[in-house]
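Overview (structure and organization)
The lines below spell out each chain.
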Amino acid sequence: MAAALACPRVRDVVVVTDDVVAAAALSALGARIVPDAPGAGLNAALAHGARSARALRPAAAVAALNADLPALRTGELARVLDFASAFPSAFLRDAAGIGTTFLAAASDAEFRPAFGGPSGSRHLASGAVEIALSGVDSVRRDVDTGEDLRVALALGVGPHTARIAAVPAPARDR
């Protein structure tokens, strides 16, 4: 969140959530919170967030970025946004090459999220251009497993993740 807000190419960050604790923390960082009025899963929430962003800025391009990118670098995000701005719709596959970590739509394009599972193939089939940039590992590196987290930690994570990752795990029952 902090890396996205620090990116000069990002004007607003909209978070769709009904979680009051998360909403308070993210709002304190500078996000605009939108209730999850659809309550119909991730893609409906992303579309709702995009509509909310465009309600305030009708001529705005919109983008969805995974929330689980603890190694996100502002400069790499700026490169992805610059690339995406040349197309009506563009997406970035995750490090595994299966899912999607980023989807953008120009101001005059429909925003059609299809996240979950093999979303890279769905976004490509929808007509979105695949972003083929090297050196944007932090934007690709979402965390779904312990190994993903180890790789993200090796890339270097933000202060919030670093603080949490330094806490020893509780002992397990034997």
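Scope of this entry: the structure provided in the associated data block. Keep in mind the model is a prediction, meaning the values are calculated, not measured. (Residues numbered from 1 in each chain as written. Predicted model: local features only at pLDDT ≥ 70, side-chain atom pairs only at ≥ 80, totals over all residues. Heavy atoms only, no water.)

Bringing the sheet that holds strand S3 (residues 62-65) into the picture now. Two orientations exist for strands paired in a sheet by backbone hydrogen bonds: parallel and antiparallel. Spatial strand order, S3-S5-S4-S6: 4 strands in an open sheet with mixed pairing. The outermost strands of the open sheet, each flanked by one partner alone, are S3 and strand S6 (129-130). Note: strand S4 (residues 89-93) against strand S5 (residues 100-105), 5 bridges, orientation antiparallel. Looking across to S5, one finds that Ala90 is bridged to Ala104. In the packing of helix H4 (residues 74-84) onto the sheet, the strands contacted are S3, S4, S5 and S6, and the crossing angle to S5 comes to about 45°. (Pairing = 2+ DSSP bridges. Helix = DSSP H or I, 4+ residues; strand = E, 2+ residues; numbered from the N terminus. Contact = heavy atoms within 4.5 Å. Axes fitted to C-alpha atoms, helices over the stretch in contact; angles between N-to-C directions.)

Here we take up the pattern of salt bridges. Counted by the stated rule, this structure contains 5 salt bridges. Between Arg141 and Asp148 there is a salt bridge, and its shortest N-O distance comes to 3.4 Å. In this structure, Arg141 and Asp148 share a single accessibility class: buried. One salt bridge connects Arg150 with Glu147, and the closest N-O pair in it is separated by 3.0 Å. Residue Arg150 and its partner Glu147 are both found in helix H7 (residues 146-155); the two are separated by 3 residues, about one turn of the helix. Take Glu147: its relative accessible area is 43%, and that puts it in the partly exposed class. (Salt bridge = Lys/Arg side-chain N within 4 Å of Asp/Glu carboxyl O. Buried < 20%, exposed > 50% of the residue type's maximum accessible area, 1.4 Å probe, protein only.)

What follows is about the pairing of S5. The element S5 is extensively covered by neighbouring structure, given that 6 of its 6 residues are classed as buried. Relative to S5, S3 runs antiparallel, the two being bridged by 4 bridges. Counted as the bridge partner of Ala63 is Ala104 from S5. Linkage of S4 to S5, two consecutive antiparallel strands, is achieved through a turn of 6 residues, within which Gly97 is found at a positive phi near 80°.

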